[in-house]
Amino acid sequence: MIELDNIAYSYGGGELLSEISLKLAPGSFHFLTGPSGSGKTTFLKLCYGALVPTAGTVQLFGKDVRDMDRDDHAMARRRIGVVHQDCQFLDHLPLRENVSLPLTVSGRDSLEQNTNLKELLHWVGLGNRASALPPELSGGERQRAALARAVIMSPEVVLADEPTGNVDWEMSQRLLQLLVELNRMGKTIVIATHDMNLIRSAKNHVQTRVLRISNRKLQLAGADL
Amino acid sequence: MIELDNIAYSYGGGELLSEISLKLAPGSFHFLTGPSGSGKTTFLKLCYGALVPTAGTVQLFGKDVRDMDRDDHAMARRRIGVVHQDCQFLDHLPLRENVSLPLTVSGRDSLEQNTNLKELLHWVGLGNRASALPPELSGGERQRAALARAVIMSPEVVLADEPTGNVDWEMSQRLLQLLVELNRMGKTIVIATHDMNLIRSAKNHVQTRVLRISNRKLQLAGADL
Amino acid sequence: MSVFVGDAQADRVVPPTGFTARLTLFAAGAMAFLTVFALALSLASGRLAVRWGDELAQSSTLRISAPSEQLQAQTILALRVLESTPGIASARALSAEEQRGLLAPWFGPDLPVETLPIPQLVEILETEEGYDAAGLRLRLAAEVPGAVLDDHARWREPLERAAGRLRLLGWVSIALIGATTAAMITLAANAALAANAQVISVLRLIGAQDGYIARAFVRRFTVRAFLGAAIGTFLGAGAIYLLPEAQDEAGFLTGLGFVGAGWFLPVLIPPIAGFVAYAATGAAARRTLRGLS
Amino acid sequence: MSVFVGDAQADRVVPPTGFTARLTLFAAGAMAFLTVFALALSLASGRLAVRWGDELAQSSTLRISAPSEQLQAQTILALRVLESTPGIASARALSAEEQRGLLAPWFGPDLPVETLPIPQLVEILETEEGYDAAGLRLRLAAEVPGAVLDDHARWREPLERAAGRLRLLGWVSIALIGATTAAMITLAANAALAANAQVISVLRLIGAQDGYIARAFVRRFTVRAFLGAAIGTFLGAGAIYLLPEAQDEAGFLTGLGFVGAGWFLPVLIPPIAGFVAYAATGAAARRTLRGLS
Ligand SMILES: Nc1ncnc2c1ncn2[C@@H]1O[C@H](COP(=O)(O)OP(=O)(O)OP(=O)(O)O)[C@@H](O)[C@H]1O
Ligand SMILES: Nc1ncnc2c1ncn2[C@@H]1O[C@H](COP(=O)(O)OP(=O)(O)OP(=O)(O)O)[C@@H](O)[C@H]1O
Ligand SMILES: [Mg+2]
Ligand SMILES: [Mg+2]
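The model shown is predicted, which means the values in this text are computed figures rather than measured ones. (Residues numbered from 1 in each chain as written. Chains lettered and ligands numbered in written order. Predicted model: local features only at pLDDT ≥ 70, side-chain atom pairs only at ≥ 80, totals over all residues. Heavy atoms only, no water.)

## Section: helix H8 (residues 196-203) of chain A
All names here are of chain A.
Phase 1 of the analysis: Of the residues making up H8, those classed as buried are Leu 198, Ile 199, Ser 201 and Ala 202. Buried residues of H8, seen end-on, are gathered within an arc of 165° and therefore sit on one face of the element.
Phase 2 of the analysis: Looking at the buried residues of H8, the elements they touch are strand S3 (29-33), helix H7 (169-184) and strand S9 (209-214).
Phase 3 of the analysis: N-capping of H8 is provided by Asp 195, with a side-chain oxygen placed 3.1 Å from the backbone N of Asn 197. (Buried < 20%, exposed > 50% of the residue type's maximum accessible area, 1.4 Å probe, protein only. Helix = DSSP H or I, 4+ residues; strand = E, 2+ residues; numbered from the N terminus. Arc of directions from axis to C-beta. Contact = heavy atoms within 4.5 Å. Polar contact = N/O pair within 3.5 Å; in protein donor to acceptor, adjacent residues only side chain to side chain.)

In structure tokens:
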């Protein structure tokens, strides 16, 4: 579904990433680590087509990102749930509408989805904040809302950038649980994080691969945990 | 220097914080913990006068926040370095100028400060990103920049809200080191965090008190670590 | 016309555009107000030119000087020539009464016109096509030597030039105002789009198509421009309507108001403003959306 | 005037205001351009009224009808009466040549004025204060029975009304344009401030005083408005200057241009626009800064 073939990327200066190849198989569960500034966020952006590699090819659902027009991108993004590191919302809409925005935009706003939404908000601990505006949420609450928004369409792939950076240990376990559940339903999950404890605890629930960006390359880092 | 006397706070709904009293003595080092949404950020905002308590009094440097006008607030903020949870910068200015902004605004932009700035950027690992614009920084880089901006004036108090949420373990140790050093110079430090490992490692370097917000009250939580 | 069919969802998704929206409404209103005035000025100038045309261009004077005893004969001769000239609708010798009236401002009402050896005046009314003045002069020179044709060109030209300039001033103002309005709405739309860069990036992140995003902005600015222009036009037309009626003696101002069907012209202003906003905002939205990677 | 002393630092701190800045520049320019035209219209109307005043109000005509043998005597008598009337600057009998000129349009250039029993015309020029027409009429009736005084009131009034209306139209336009400009600059400044809420919160967080923040915005918009108005004024004045010279025969348009010292009036537009922007932006900034907690 997402295939990176020998790609490289640079923001204009030196190369940030190079010689990276990866095939995200349906139902796989990956962690992405690496020091701050190593290119985790950049890598995820390449995975959902927000950035185009400077060399090599990225294929989303069988299509080269270079050949996709704006509408193709929009369609691809409906199949990929993304949690940004800096969670952005529409500040004028209450949390409830923000989380269900992907449904609204794709015209799939239905009653069934509505009970789904309630459950989901409850699971991430935002059941009682549903009508708050995003600027009225705490940092951790925003992060949880971003995860909820990313998964509400039950997309085929979830790319989450530090989804537990601002929440406490118990909550991060809950969020992990949600992603593990989705993975059991056959969804593909990629989580960028620097929290080794999270990775360790995930290993108890699900089979994961840990990727590490180091020296511009992507390496399997299962051994050092 | 910062005194909270039996304060309470509510955003309009129920009370979020109540019956909280605290005196931040010069040279003290506090950690602030509590689950996501418990009110850590709110508490810090009360500490630097961004919010006015709904009951009780807050005194900044001997002045009741209720009696301070806008210019008093500006002056108080020059003595308090704040790291926001969502680090905000002026997106049109390079990192270098963003970090030295407190100096610019207070008219203390000097050559001496300039070498200071270089050293500081180097310490937080941003030496080679000094001329990048904030939107070109990674999440962790922004967080480090925010800490650098908060301490550049060597303020009497540093209030840091999750300053290590997005950085890896080694970097968080470096940042902690910076704050410990400042504390040794007699500065008052308060760090809100949910990272228990950080607190544990700090205990090796410096004498800290750990405060925990739980059930709207502030409690000493030294024992459970 | 799908812009006007409210897509409530898309409208909620784009945040209220606050000051830029108010700016658009106000600019469209003020501009429509000014346009109404400029339009009224142009129309009035146009009417003025037509009126002067009617009074002067369509009429000429023939002046016959001759000894008293020949005057009548020459007048009859001249009338016959004029009647047979193509392009002349009618020709009529002025009565003594009328000639006296013309001279009254200068010589008082008691001038003994009949006994004076003053020329006989003949009023000529042309048809639409007009006549060939040079040809007529030649014929008259041959047949009625004492007759001099005055086709009023001397009087008409500067007046028509003056009316033309006023009218031009009106149309130039309208064009200027229109261009200003378009530019201002474009800039306001651009400001709104730039201020909403974050909203756009969120919408894109969750898979909204560019068309969906653009439509919400375009609809908003189109509706605002139309509404603003409608209000401005209404106020402008009201102000014109309340202007004191033109005194006809004033002579050169036919009154700045609209006349008859002219009242329907301002009605066109709001739809035109709406269309201008639609085109301008659409272009701005497409450009901005292409620019935001 | 500290707004104009560039505080380079504060200017760098507030981000480029992009479209709102361009909007301000453009709006100020377009409005200044229109203002120049409206000003020219007002001044021209004013000159017109003065000219008609000069030509008609300050002059009257005395018409003396009498048998030829008495005409000269009565004229001398009338002139003596006029000379002794307070409020009359001078009185002068028209020469035969001049009378012929007046009649030429109607009777051709060959009218034998001298031999005709037509009245003698006397041109009267008044002083500033004017004379008492009723009193003069009584005196003339007693001393020069054949004299009729025409003080042109009949012609003057409607023309003056018309000129007054044109002038009013010009001033109303200027007021309207000024108000529109102020409103637009206020809205643009508000939009800029609203779009920069985050910048303001960052600046406050690090201890910037409100005055420091406000000044950066105010300075910017003031300078933009001044610059825009200067450009617009320059272009407007240029356009007026390039307008074809008014033909004097046109009679009722003295030409839309500025005359003599009138050219200095448009120079006032940019400073006024700058001041309006300064006041409007200052108020907007203070309001917004108070609003953002
Ligand atoms: N738009 C950009 N232009 C230029 N450089 C950029 C841009 N975005 C990111 N970078 C740089 O590329 C590097 C990698 O950034 P990226 O955000 O991918 O790091 P990351 O691994 O996600 O870091 P973190 O853990 O801190 O979030 C950083 O040094 C960053 O400064
Ligand atoms: N402006 C606001 N209006 C209304 N409610 C608010 C506002 N800001 C915060 N809250 C609510 O107050 C509660 C405490 O918020 P706060 O940001 O202080 O939590 P926190 O302890 O910092 O959480 P986190 O660890 O997630 O950052 C949250 O439930 C939040 O939704
Ligand atoms: Mg990142
Ligand atoms: Mg917080």
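## Describing the site of ligand 1
Phase 1 of the analysis: Near ligand 1 there are 20 residues, and of these Thr 41 and Thr 42 of chain A together with Arg 129, Ser 138 and Glu 141 of chain B occur at the shortest range.
Phase 2 of the analysis: Around ligand 1, the nearby residues trace back to chains A and B.
Phase 3 of the analysis: In the model, an oxygen atom of ligand 1 is placed 2.6 Å from a nitrogen or oxygen of the Thr 41 of chain A side chain.
Phase 4 of the analysis: In the model, an oxygen atom of ligand 1 is placed 2.7 Å from a nitrogen or oxygen of the Gly 140 of chain B main chain.
Phase 5 of the analysis: Within the complex, the protein chains bury 87% of what would otherwise be the 630 Å² of accessible surface of ligand 1.
Phase 6 of the analysis: Residue assignment for the shell around ligand 1 shows that the elements contributing at least two residues are helix H1 (40-47) of chain A together with helix H6 (139-151) of chain B.
Phase 7 of the analysis: Broken down by class, the residue content of the shell around ligand 1 amounts to 4 nonpolar, 11 polar and 5 charged. (Near = heavy atom within 4 Å. Areas by Shrake-Rupley, 256 points an atom, 1.4 Å probe, with all protein chains shown as cover. Nonpolar A, V, L, I, M, F, W, Y, C, P; charged D, E, K, R; others polar.)

## Describing the packing of aromatic side chains
Residue and element names in this part refer to chain C.
Phase 1 of the analysis: Using the criterion set out here, one finds 6 aromatic pairs over all chains in the structure.
Phase 2 of the analysis: For the pair Phe 33 and Phe 37, a centre-to-centre distance of 5.3 Å together with 50° between the ring planes defines the contact as tilted. Linking Phe 33 with Phe 37, this pair stays in helix H2 (residues 18-57), spanning 4 residues, or about one helical turn.
Phase 3 of the analysis: In this structure Phe 33 comes out as buried when scored by relative accessible area, which is 15%. (Phe/Tyr/Trp six-rings, centres within 6.5 Å; stacked < 30°, edge-to-face > 60°.)

## What about empty space enclosed by the protein?
Phase 1 of the analysis: For the structure on display, the rule yields 5 cavities of 30 Å³ or more.
Phase 2 of the analysis: In this structure, the largest cavity encloses a volume near 290 Å³.
Phase 3 of the analysis: As for the largest cavity, its lining consists of 16 residues, of which Ala 38, Leu 41 and Ser 173 of chain C together with Leu 41 and Ser 173 of chain D are closest to the centre.
Phase 4 of the analysis: Looking at the lining of the largest cavity, the elements that each hand over two or more residues are H2 and helix H6 (153-195) of chain C together with helix H2 (18-57) and helix H6 (153-195) of chain D.
Phase 5 of the analysis: By residue class, the composition of the lining of the largest cavity is 12 nonpolar, 4 polar and no charged. (1 Å grid on protein atoms, 1.4 Å probe; cavity = no way out; pocket = protein on both sides within 12 Å on 5 of 7 lines; lining within 4 Å. Points joined across faces, edges and corners; volume = space filled by probe spheres on them.)

## Description of the interface of chain B and chain D
Phase 1 of the analysis: In this assembly, 22 residues from chain B lie in contact with 22 residues from chain D.
Phase 2 of the analysis: When the buried area of chain B at its contact with chain D is split by residue, Arg 70, His 92 and Val 105 of chain B rank highest and sum to 29% of it.
Phase 3 of the analysis: Across the pair Asp 210 of chain D and Arg 70 of chain B runs a salt bridge, and its minimum N-O distance is 3.5 Å.
Phase 4 of the analysis: Counting across the chain B and chain D interface gives 3 residue pairs in polar contact (both at pLDDT 80 or more).
Phase 5 of the analysis: Listing elements by their share of the side of chain B that touches chain D, those giving two or more residues are helix H2 (70-79) and helix H4 (101-105) of chain B.
Phase 6 of the analysis: Top element by residues in the side of chain B that touches chain D is H2 of chain B. It accounts for 6 residues.
Phase 7 of the analysis: A per-class count over the side of chain B that touches chain D returns 11 nonpolar, 4 polar and 7 charged. (Buried area = accessible area lost by both parts, 1.4 Å probe. Salt bridge = Lys/Arg side-chain N within 4 Å of Asp/Glu carboxyl O.)

## Considering the coordination of the magnesium ion (ligand 4)
Tetrahedral coordination by four donors sets the ideal angle at the metal to 109.5 degrees; octahedral coordination by six donors sets it to 90 or 180 degrees.
Residues and elements named next belong to chain B.
Phase 1 of the analysis: Within the protein, Thr 41 (OG1) and Gln 85 (OE1) serve as the donor atoms for the magnesium ion (ligand 4), at 1.9 to 2.2 Å. Residue Thr 41 is located in helix H1 (residues 40-47), and its partner Gln 85 is located in the loop between strand S6 (80-83) and helix H3 (95-99); the two are separated by 44 residues in the primary sequence.
Phase 2 of the analysis: According to the relative accessible area criterion, Gln 85 is buried, its value standing at 15%. (Donors = N, O, S within 2.8 Å, 3.2 Å for Na, K, Ca; no water.)

## Notes on the packing of helix H6 (residues 139-151) of chain A against H7 of chain A
Residue and element names in this part refer to chain A.
Phase 1 of the analysis: One way to put it is that H6 packs onto H7 with a least axis distance of 12 Å and a crossing angle of 5°. Relative to H7, the element H6 lies roughly parallel. Two secondary-structure elements touch here, H6 through Arg 144, Leu 147 and Val 151 and H7 through Met 171, Leu 175, Leu 178, Leu 179 and Leu 182.
Phase 2 of the analysis: Considered class by class, the residues forming the contact of H6 with H7 number 7 nonpolar, no polar and 1 charged. (Axes fitted to C-alpha atoms, helices over the stretch in contact; angles between N-to-C directions. Parallel < 35°, antiparallel > 145°, perpendicular 65-115°, else oblique.)

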